[in-house]
2 protein chains.
Amino acid sequence: MGEFDLITRYLKPLAGEGAMGLDDDAARAFGRVLTKDILVEGVHFLPTDPLDLVARKALRVNMSDVIAKGARPAAYMLGLVWPSRLGEEGFAAFARGLDAEHQAHGLRLLGGDTTSGQHLVISVTMFGEPLFTTPLLRAGGEAGDLLVVTGEIGHGVVGLEAARNAPPADDPGALPYRLPQPPFAEAGFIAAHAKASLDVSDGLMADAKHLAEASGVDLTIDLQHVPFADNPGADEKLALRQMTGGDDYQTLFLLAKDGERHLVEAQQHGLRLAVIGRAEAMAGPEGIATLRAADGRLLSISSDGWDHFG
Amino acid sequence: MGEFDLITRYLKPLAGEGAMGLDDDAARAFGRVLTKDILVEGVHFLPTDPLDLVARKALRVNMSDVIAKGARPAAYMLGLVWPSRLGEEGFAAFARGLDAEHQAHGLRLLGGDTTSGQHLVISVTMFGEPLFTTPLLRAGGEAGDLLVVTGEIGHGVVGLEAARNAPPADDPGALPYRLPQPPFAEAGFIAAHAKASLDVSDGLMADAKHLAEASGVDLTIDLQHVPFADNPGADEKLALRQMTGGDDYQTLFLLAKDGERHLVEAQQHGLRLAVIGRAEAMAGPEGIATLRAADGRLLSISSDGWDHFG
């Protein structure tokens, strides 16, 4: 039984008020958006990744959730399992990484706990200030809405391959994996205009499916409109890996059709927003996400990989 | 360089408003008391401890901090690094443990993150509702105050020895280590009457030293007045181990001399509160904690263990 199933069966019944049934990316309590993402050495980052970038990534994956919920990242609690082998120099680098994010994004550290252990674990609980009072959730989209994604998709996959060779700290090829770029500039647009929204972290197709289910719509994504990273020829094989690879930390959201003019204006001001598809009424019992290739073929994804569809 | 020193040198400069300079047990933000304690398998609990009790302990060590800061434990975010070897049965037991604390203490789960890894790590961020508006801190005590401790001291040390033999889940000898008993009943008294307060988790002597430093007083503890667990003859050798063993999760606080009548009344109503010493003006540049044995000898503790003093 996987983590999703364990959570559904055993933790969901324990969810309290504000937990959104553990079905969304964040909780709402005390007038704040609350997220928690844990990073484990060897699972979410490589033991050879520079520790300042690991610290920054730990904060950014949480900021990504906060932004996708229409809020401004404000403060956090930091839990650390810190192996002594990383030494004082490692700790200093880690703290430098935190400080860099404080300076760039106005975050503040509220407290936490540091303990010893064999593998580095970073557990961040982040608090966001909602920009509007109505909660922005995965649910709320409707047939006719435009499907929009921020930034570029697939940096995580391409960057991970580079990072696996343990290149120097400033290697530009590994940087997109080591230091994700959540849509900081687009956060205000998301909060103001998105009807339903989530953080793209499991892979664009998987997260589109989550959005489709929660909003009760079918989503069709046009492959040729997806802003792929480092894939200038839109090579389909690479593109399909990028659609499922994860570690994007962009926001995927539904926008009312009449919001398109705001989108065009925002694009003209340099915001990285791409319309990649559309929401339609559900054809079956639950919302699905389908990919349309350049030649019109429809592809869907299953746990076994990509399937031809219909 | 130990964890305390790393935090002091590298994290304290990053502390923001509400963090209390990372010098206290909890933060204050959004009108809430915030704590975070991480438990690591093999460090804070034994791999053979029953998982329902591990879950309850993870919540209780956080509730202990919240209570010591004059607040009511209300809600939490849960971070889990969950090794697949623990299986669905283990996860079910863990969730049962959480639910037991929800029922007993009115806690609610807000959200969190579950990921895989080799060792079980439980990272709880807990939110408490302050019972009064003035924050209850380690600082605030004065010369003349009474030093009070809740419950009994030394269960952790005695219980750990029993738990090391991996006895059955309901073994009464191991239970005090596996399932600490924070001062739930005494929480209201602490919030109403304590001038300065902290959670006893590092060992009574070490935490008395923290309280002395923060409040700028010298503390003298009378060994014969400490309510030791499972040490009926007050064996001094065992008592000294119990004073330094840690894992007590009681509250140590300073009470104004004229609050003694409230204390006596509370004791008569069955609250477990013991006056174990007194605060005096500092003799040196910083507050210290000294232990007075039954025969009047003064003992202090250093990193090498117990020293005869003066």
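Residues numbered from 1 in each chain as written. Chains lettered and ligands numbered in written order. Predicted model: local features only at pLDDT ≥ 70, side-chain atom pairs only at ≥ 80, totals over all residues.

## Details of the nonpolar core
Grouped together as the largest cluster of nonpolar side chains are 170 residues, with contacts concentrated most on Tyr76(A) and Tyr76(B). Those residues in contact with Tyr76(B) that lie beyond four places of it in its chain are Leu59(B), Asn62(B), Leu107(B), Leu109(B), Leu110(B), Val124(B), Thr125(B), Met126(B) and Phe127(B). (Core = buried A, V, L, I, M, F, W, Y, C linked by C-beta atoms within 7 Å. Buried ≥ 20, exposed ≤ 12 C-beta atoms within 10 Å, placed from the backbone. Contact = placed C-beta atoms within 7 Å.)

## Some points on the sheet that holds strand β1 (residues 27-29) of chain A
Residues and elements named next belong to chain A. Pairing is mixed across the open sheet formed by 5 strands, whose spatial order is β1-β2-β5-β3-β4. Two strands in the sheet have a free side with no partner beyond their single neighbour: β1 and β4 (108-115). Neighbour-to-neighbour, the strand axes of the sheet open up by a mean angle of 25°, direction not taken into account. Note that strand β3 (residues 71-81) and β4 share 7 bridges and pair parallel. If you follow Ala75 over to β4, its bridge partner there is Arg108. Along the sheet, helix α2 (residues 51-68) makes contact with β2 (32-40), β3 and β5 (121-130), crossing β2 at roughly 145°. (Pairing = 2+ DSSP bridges. Helix = DSSP H or I, 4+ residues; strand = E, 2+ residues; numbered from the N terminus. Axes fitted to C-alpha atoms, helices over the stretch in contact; angles between N-to-C directions.)

## Considerations on the domain arrangement of chain A
A common measure of how large an interface is: the accessible area buried when the components associate. Residue and element names in this part refer to chain A. Each domain of chain A was delimited in the assignment, giving domain 1 (3-130) and domain 2 (146-308). A separation of 22 Å is found between the C-alpha centroids of domain 1 and domain 2. Listed per partner, the contact involves 19 residues of domain 1 and 21 residues of domain 2. Broken down by element, the residue count for the side of domain 1 that touches domain 2 peaks at 10 residues, all from α2. Class assignment for the residues of the side of domain 1 that touches domain 2 results in 7 nonpolar, 4 polar and 8 charged. (Domains from an automatic or database assignment. Nonpolar A, V, L, I, M, F, W, Y, C, P; charged D, E, K, R; others polar.)

## Concerning the relation of the copies chain B and chain A
It takes a turn of 180° to lay chain B on chain A, together with a shift of 0.0 Å along the axis; the resulting RMSD is 0.0 Å. Read as a symmetry element, the transformation amounts to a two-fold axis. The share of interface residues of chain B whose copies in chain A are also at the interface is 100%, consistent with both copies meeting through the same surface. (Least-squares fit on C-alpha atoms with pLDDT ≥ 70 in both.)

## Here we look at the packing of helix α2 (residues 51-68) of chain B against helix α3 (residues 87-105) of chain B
Residues and elements named next belong to chain B. Where α2 meets α3, the axes come as close as 6 Å, and the angle between the chain directions of the two elements is 40°. Here α3 runs oblique to α2, going by the angle between their axes. Seen along the crossing, α2 lies across α3 with a hand that is right-handed. Counted together, Leu51, Asp52, Leu53, Val54, Ala55, Arg56, Leu59 and Met63 of α2 and Gly90, Ala93, Phe94, Arg96, Gly97, Leu98, Ala100, Glu101 and His105 of α3 form the full contact between these two elements. A breakdown of the residues in the contact of α2 with α3 according to their chemical character gives 10 nonpolar, 3 polar and 4 charged. (Parallel < 35°, antiparallel > 145°, perpendicular 65-115°, else oblique. Left-handed = near helix turned anticlockwise from the far one by under 90°.)

## Regarding the confidence of the model for chain A
Here chain A averages 94 in pLDDT, while 97% of its residues score no lower than 70. Interface confidence for the predicted complex, given as ipTM, is 0.92, next to a pTM of 0.94. (pLDDT = per-residue confidence, 0-100.)

## Details of the interface of chain B and chain A
With 51 residues of chain B at the contact, the number on the chain A side is 51 residues. Of all elements in the fold, only α1 (3-11), β1 (27-29), β2 (32-40), β3 (71-81), α3, β4 (108-115) and β5 (121-130) of chain B reach the threshold of two or more residues within the side of chain B that touches chain A. Counting residues per element, the side of chain B that touches chain A draws most heavily on β4(B), which supplies 8 residues. Partitioning the side of chain B that touches chain A into residue classes produces 27 nonpolar, 15 polar and 9 charged.

## Some remarks on helix α8 (residues 236-244) of chain A
Residue and element names in this part refer to chain A. Three or more residues of α8 are buried, namely Ala239, Gln242 and Met243. The buried residues of α8 occupy an angular sector of 100° when projected down its axis, which confines them to one face. Where α8 is buried, its residues contact α4 (155-163), α7 (204-215) and β11 (289-292). Just downstream of α8, Gly246 is the residue with a positive phi angle, here 85°. (Arc of directions from axis to C-beta.)

## So, unusual backbone geometry
Residues and elements named next belong to chain B. Look at Asp247: it is not a glycine, yet its phi comes out positive at around 60°. Within the secondary structure, Asp247 sits in the loop between α8 (236-244) and β9 (250-255). You will see that Tyr249, though not glycine, has its phi angle at about 55°, which is positive. Assignment of secondary structure puts Tyr249 in the loop between α8 and β9. When the 26 C-beta atoms within 10 Å are taken as the criterion, Tyr249 is described as buried.

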